[in-house]
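The chain contents come next:
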Protein chains: 2
Amino acid sequence: MKAIVNVALKQGVLDDQGKATHHALDTLGFKEVVKDVRIGKQIILELNATSQTQAREEVTNMCEKLLANTVIEDYTIEIIG
Amino acid sequence: MKAIVNVALKQGVLDDQGKATHHALDTLGFKEVVKDVRIGKQIILELNATSQTQAREEVTNMCEKLLANTVIEDYTIEIIG
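Residues numbered from 1 in each chain as written. Chains lettered and ligands numbered in written order. Predicted model: local features only at pLDDT ≥ 70, side-chain atom pairs only at ≥ 80, totals over all residues. Heavy atoms only, no water.

## Let's talk about the interface of chain B and chain A
- Taken together, the contacts link 29 residues of chain B with 29 residues of chain A.
- Of all residues in chain B, Phe30, Val33 and Gln42 of chain B give up the largest surface area on contact with chain A, accounting jointly for 20% of the area buried on that side.
- Where chain B packs against chain A, one counts zero salt bridges.
- In this assembly, chain B and chain A are joined by 14 residue pairs in polar contact (both at pLDDT 80 or more).
- For the side of chain B that touches chain A, the elements supplying multiple residues, two or more each, are helix 1 (16–30), strand 2 (34–47) and helix 2 (52–67) of chain B. (Contact = heavy atoms within 4.5 Å. Buried area = accessible area lost by both parts, 1.4 Å probe. Salt bridge = Lys/Arg side-chain N within 4 Å of Asp/Glu carboxyl O. Polar contact = N/O pair within 3.5 Å; in protein donor to acceptor, adjacent residues only side chain to side chain. Helix = DSSP H or I, 4+ residues; strand = E, 2+ residues; numbered from the N terminus.)

Written out as C-alpha cells, the structure is:
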C-alpha cells in the first residue's frame, strides 16, 4: 500500500522559499504569468498495512509525530491501493 | 488558474532526505509499517493564463528552466480551473 502526504505551510505563514522562487521566476521572464508561488513537501510512503483505515491511522500518527510541524503546517493524506 | 507541480528524484537517485526520514520513523516505532520513504517538492502556482494549454506550456517552461533539475528529478504538472 502507498500513501502520499502533502505538507504545506498554513495560510498566513510566510513562505520564504515560495517568495524566492516567485522572484526568480519574475527575473526569468514569467512576471506576467505568475501571481503567487507556494512550496511544500510531498512524502511518498510504501507501507505494510492490512487495510486503508489502518494505513491512514498509522500515517496520521507519523504526520503528528514527525512529518509535519502542525504549528505552522497543514497536511493531507492520500492512501492508494 | 492554478498549477500543482510535483518534483521528485528519479528512480535510482539516492534520496538522502527520504532515507533519514525512514530511519527516524523506524526509531519512532513504525519499523513494521514503513517499507520505503521518498521525499519530493510540491510547488503550487497561481497563474494569469487564458487557457489550460497556455498554462501548461508556461509551467513546463518554468520546470525546465528553474523548478526541476531534470538531470536527477522528474516532474508532473496538474492544471486546475
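Text resumes after the structure shown.
## Details of the relation of the copies chain B and chain A
- Expressed as a screw transformation, the operator carrying chain B onto chain A has a rotation angle of 180° and an axial translation of 0.0 Å, and the superposed copies differ by an RMSD of 0.0 Å. Put plainly, the chains are arranged around a two-fold axis. Proximity to the rotation axis, assessed at the C-alpha, singles out lysine 41 of chain B in chain B; its C-alpha lies 2.3 Å from the axis.
- Looking at the interface residues of chain B, 100% of them are also at the interface in chain A, so both copies use one shared face. (Least-squares fit on C-alpha atoms with pLDDT ≥ 70 in both.)

Any link to function would need more than the numbers given here.
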